[in-house]
Amino acid sequence: MGSLSSAWNVFYEQMITKGGYKTALQGLFTTIEIAVLGLVIGIILGTLIALVKVMPKNNPAVKIGSVICDVYVGFFRGTPMVVQLLLGYFVLLPMLGVSSDAVVVAIIIFGLNSGAYVSEIMRAGIQSVDPGQLEAGRAVGLPFWPAMLKIVIPQSIKNILPTLGNEFIVLIKETSVVSFIAVVDLTKAFKSIGDATYEYILPYVMLALVYLILVLFVTYLIKLMERRLRRNERTV
Amino acid sequence: MNAPYKMPEGIILSAQNLKKSFGDNEVLRGLNLDIRNGEVIAIIGPSGCGKSTFLRCLNCMEDPTSGSIFFDGDDIADVRININTHRENIGMVFQQFNLFNNKTVIENIMLAPVYVGVRNYRQAKRKNGWIKFGNLFRKNKKDLLPLPTTPAQVKKQAHERAMQLLRRIGLEEKATVYPSTLSGGQKQRIAIVRALAMNPKVMLFDEPTSALDPEMVGEVLDLIKELANEGMTMVIVTHEMGFARETADRILFMDGGVIAEEAPPQEFFSNPKNERTKEFLSKVL
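Residues numbered from 1 in each chain as written. Chains lettered and ligands numbered in written order. Predicted model: local features only at pLDDT ≥ 70, side-chain atom pairs only at ≥ 80, totals over all residues. Heavy atoms only, no water.

Our next topic: the overall build of chain B. Scanning chain B from N- to C-terminus turns up 9 helices and 10 strands. Structurally, chain B occupies a C-alpha span of about 75 × 50 × 35 Å along its principal axes. Counting the 285 residues in chain B, one finds 54% classified as buried. Of the roughly 13500 Å² that chain B leaves accessible, carbon and sulfur atoms contribute 48%. (Helix = DSSP H or I, 4+ residues; strand = E, 2+ residues; numbered from the N terminus. Buried < 20%, exposed > 50% of the residue type's maximum accessible area, 1.4 Å probe, protein only. Areas by Shrake-Rupley, 256 points an atom, 1.4 Å probe, with all protein chains shown as cover.)

So this is what it looks like as structure tokens:
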């Protein structure tokens, strides 16, 4: 027990006295920032792609759009996230000649990556809604997009919320690879705390706990949302 | 685009040489139908004869493969025509009700009127913006378009109209519940008033009672009869022979993708001419 208590003392000193908690909080914030904004971009992008995929293919523009979406989804699902981050930060940025914050690059790459996955989730969700719902919307005179946005997508969201929550959780955990492009996220922050003293046990245990709490919290939020969305299924 | 089609006097919807194929399967083989204002038409026939497809072609829920459908001076089968504004005037009632599950009953009824009202308001505002901009350079100032009702008024009016319609079918206490809590007959009657909320010129019924429990068929048919008596123009695909005989002005018997026989109900049921009609009637009556 002695070694553990001395390890605790070292960790305490590193975290509190030397201000390590600031790094940790900063890292936590970055992690949440990348995951949340990535998911927002992903949902918007994924919804658009899913809509292009389910649109009636009687229009050449839709066909071309559909092929572009296939290529996009194929690329982002076919390569590891780390590789996409490296490509984005070390290849694409210099090629375009722009300098940008690594966090921004991470957010965009995470958004693009999750967009590819969300598009498939969304498509399944849209197709799970009875086609009669869209038909009824069109029959009263709503154009395709308003009918989709007002009637079909709200119902599909309800069906896919658990899967979408899963995607968010995966995204939160996957942010741990952004240190490849020198972003200080939660993992990087705790690693640097450990690096300062070569005492890794507590920082890494704490790191795991923080991720766990974060994910459990998100799980709880999703459950609340699901319950609210299922309102219209309850019988009075 | 062609010059607007001149509708013959008293004809509200006209299908001409309508054909529809699904792949190699030719479902409709050239149908002609003129629907007169205020007329109630019942379409009957064996299953798979294309009656539902025909009805769904009339408001382009299914795009016809060839042929024309004239409504309000436009050929709505033409893909260049904005079908949505025409569909506002063609009500449709489905076999499976298709109430919007994510909306309450009153929201179901208000959705389309509010959408259309708000859209018209925005369009008028946008046009006025351009006129104002143009007036900066014009000697003779152009007058602004009158603004239609504001979105708030639109919502209020749509709500009043929806409540009035619900009172009519005796379901005003169901205004704020979700469709999943209603019986089939209630759902279908609400689906009918949802279509009515747009004040359509013609209503299409796709087997409105086929998915209902027997004891609920009556309430739905009574509502449709009421509409018929008020002079609503209707096309009804149905298996209810008694109802068709009682309500319709004209019966169409479809078989194999064509209209095999067409007659007023008395004549149709008492003195069918076509062999297929006789065979069909002997089975169902």
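On we go from here.
Turning next to the overall build of chain A. Summing up its helical and strand segments, chain A has 9 helices and 0 strands in all. Of the regular secondary structure in chain A, the N- to C-terminal order runs α-α-α-α-α-α-α-α-α. Here the C-alpha radius of gyration of chain A, 22 Å, is well above what a compact globule of 236 residues would show, namely 18 Å. Taken along the three principal axes of its C-alpha coordinates, chain A extends 75 × 55 × 25 Å. Among the 236 residues that make up chain A, the fraction classed as buried is 43%. Pairs at least 24 residues apart make up 76% of the contacts formed inside chain A by residues separated by at least 6 positions. Taken as a whole, chain A presents about 12300 Å² of accessible surface, with 69% of it coming from carbon and sulfur. Of the side chains in chain A, 19 bear a positive and 14 a negative charge, and the two mean positions are spaced by 8 Å. (Rg over C-alpha atoms; globule rule 2.2 N^0.38 Å. Contact = heavy atoms within 4.5 Å. Lys, Arg positive; Asp, Glu negative; His and termini not counted. Charge placed at Lys NZ, Arg CZ, Asp CG, Glu CD.)

Let us look at the confidence of the model for chain B. Across chain B, pLDDT averages 90, with 98% of residues at or above 70. The complex prediction reports pTM at 0.81, with the ipTM value standing at 0.88. (pLDDT = per-residue confidence, 0-100.)

Counting residues at the interface gives 25 residues for chain B and 24 residues for chain A. Between chain B and chain A lies a buried interface of about 2100 Å² when both sides are counted; carbon and sulfur atoms form 57% of it. The largest share of the area that chain B buries against chain A comes from Phe 100, Asn 102 and Tyr 115 of chain B, three residues that together contribute 25% of it. One salt bridge in this structure joins Glu 135 of chain A and Arg 56 of chain B, with 2.7 Å as the shortest N-O distance. On the surface where chain B and chain A come into contact, there are 7 residue pairs in polar contact (both at pLDDT 80 or more). Sorting the residues of the side of chain B that touches chain A by element identifies helix 2 (83–87), strand 6 (90–93) and helix 3 (105–135) of chain B as the ones contributing at least two each. Broken down by class, the residue content of the side of chain B that touches chain A amounts to 12 nonpolar, 7 polar and 6 charged. (Buried area = accessible area lost by both parts, 1.4 Å probe. Salt bridge = Lys/Arg side-chain N within 4 Å of Asp/Glu carboxyl O. Polar contact = N/O pair within 3.5 Å; in protein donor to acceptor, adjacent residues only side chain to side chain. Nonpolar A, V, L, I, M, F, W, Y, C, P; charged D, E, K, R; others polar.)

Residues and elements named next belong to chain B. Across the sheet, which stays open at both edges, the 6 strands sit in the order 6-7-8-3-9-10 with mixed pairing between neighbours. Of all strands in the sheet, those bounded by a partner on one side alone are strand 6 and strand 10 (258–263). Each strand of the sheet is rotated relative to its neighbour by a mean of 20°, with strand direction disregarded. Where strand 9 (residues 250–255) and strand 10 come together, 5 bridges link them in antiparallel fashion. Bridge pairing in strand 10 links Met 254 to Ile 259. Relative to the sheet, helix 5 (residues 184–196) contacts strand 6 and strand 7 (202–206), its axis offset from that of strand 6 by approximately 170°. (Pairing = 2+ DSSP bridges. Axes fitted to C-alpha atoms, helices over the stretch in contact; angles between N-to-C directions.)

Take the nonpolar core next. Residues Leu 166, Met 203 and Met 234 of chain B are the most contacted members of the largest nonpolar core, which totals 55 residues. Counting residues per element, this core draws most heavily on helix 6 (residues 214–229) of chain B, which supplies 8 residues. The residues touching Met 234 of chain B, leaving out its near neighbours within four places in the chain, are Glu 39, Val 40, Ile 41, Met 203, Phe 205, Ile 224, Leu 227 and Ala 228 of chain B. Core analysis: the next-biggest nonpolar cluster, separate from the first, contains 45 residues, Ala 147 of chain A together with Leu 13, Val 27 and Leu 33 of chain B among them. (Core = buried A, V, L, I, M, F, W, Y, C linked by side-chain atoms within 4.5 Å.)

Next up on the list: the layout of surface pockets. There is about 1000 Å³ of room inside the largest pocket. Counting only elements with at least two residues in the lining of the largest pocket, the list comes to helix 5 (102–128), helix 6 (131–139) and helix 7 (144–174) of chain A together with helix 2 of chain B. Looking at the lining of the largest pocket residue by residue, the class counts come to 20 nonpolar, 4 polar and 8 charged. (1 Å grid on protein atoms, 1.4 Å probe; cavity = no way out; pocket = protein on both sides within 12 Å on 5 of 7 lines; lining within 4 Å. Points joined across faces, edges and corners; volume = space filled by probe spheres on them.)

Okay, the packing of aromatic side chains next. Applying the stated criterion across every chain, the model contains 10 aromatic pairs over all chains. Taking the centre distance of 5.0 Å and the plane angle of 50° together, the rings of Tyr 72 of chain A and Phe 76 of chain A count as tilted. Separated by 4 residues within a single helix, Tyr 72 of chain A and Phe 76 of chain A lie in helix 3 (residues 60–78), roughly one turn from each other. Residues Tyr 72 of chain A and Phe 76 of chain A agree in their burial class; the two are buried. Between Phe 75 of chain A and Phe 76 of chain A, the aromatic rings sit 5.1 Å apart at their centres with planes inclined by 90°, giving edge-to-face as the arrangement. By relative accessible area, Phe 75 of chain A is classed as partly exposed at 38%. Taking the relative accessible area as the measure of exposure, Phe 76 of chain A reaches 9% and is therefore buried. Every member of this aromatic cluster is reached through a ring pair, and the members are Phe 253, Phe 268, Phe 269 and Phe 280 of chain B. (Phe/Tyr/Trp six-rings, centres within 6.5 Å; stacked < 30°, edge-to-face > 60°.)

All names here are of chain B. Inspection of every chain in the model, using the stated rule, returns 1 cavity of 30 Å³ or more. The calculated volume of the largest cavity comes to roughly 30 Å³. Ranked by residue count, the leading element in the lining of the largest cavity is strand 6, at 3 residues. Split into classes, the residues belonging to the lining of the largest cavity amount to 7 nonpolar, 1 polar and 2 charged.

Residues and elements named next belong to chain A. It is at 10 Å that the axes of helix 2 (residues 20–54) and helix 7 come closest, and there the two elements cross at 140°. Here helix 2 is positioned oblique relative to helix 7, judged by the angle of their axes. When the axes of helix 2 and helix 7 are compared, the crossing they make is right-handed. For the pair formed by helix 2 and helix 7, the contact residues are Thr 31, Ala 35, Val 36, Gly 38, Leu 39, Ile 43, Thr 47, Leu 51 and Val 54 on the first element and Trp 145, Met 148, Ile 153, Leu 164, Glu 167, Phe 168, Leu 171 and Ile 172 on the second. (Parallel < 35°, antiparallel > 145°, perpendicular 65-115°, else oblique. Left-handed = near helix turned anticlockwise from the far one by under 90°.)

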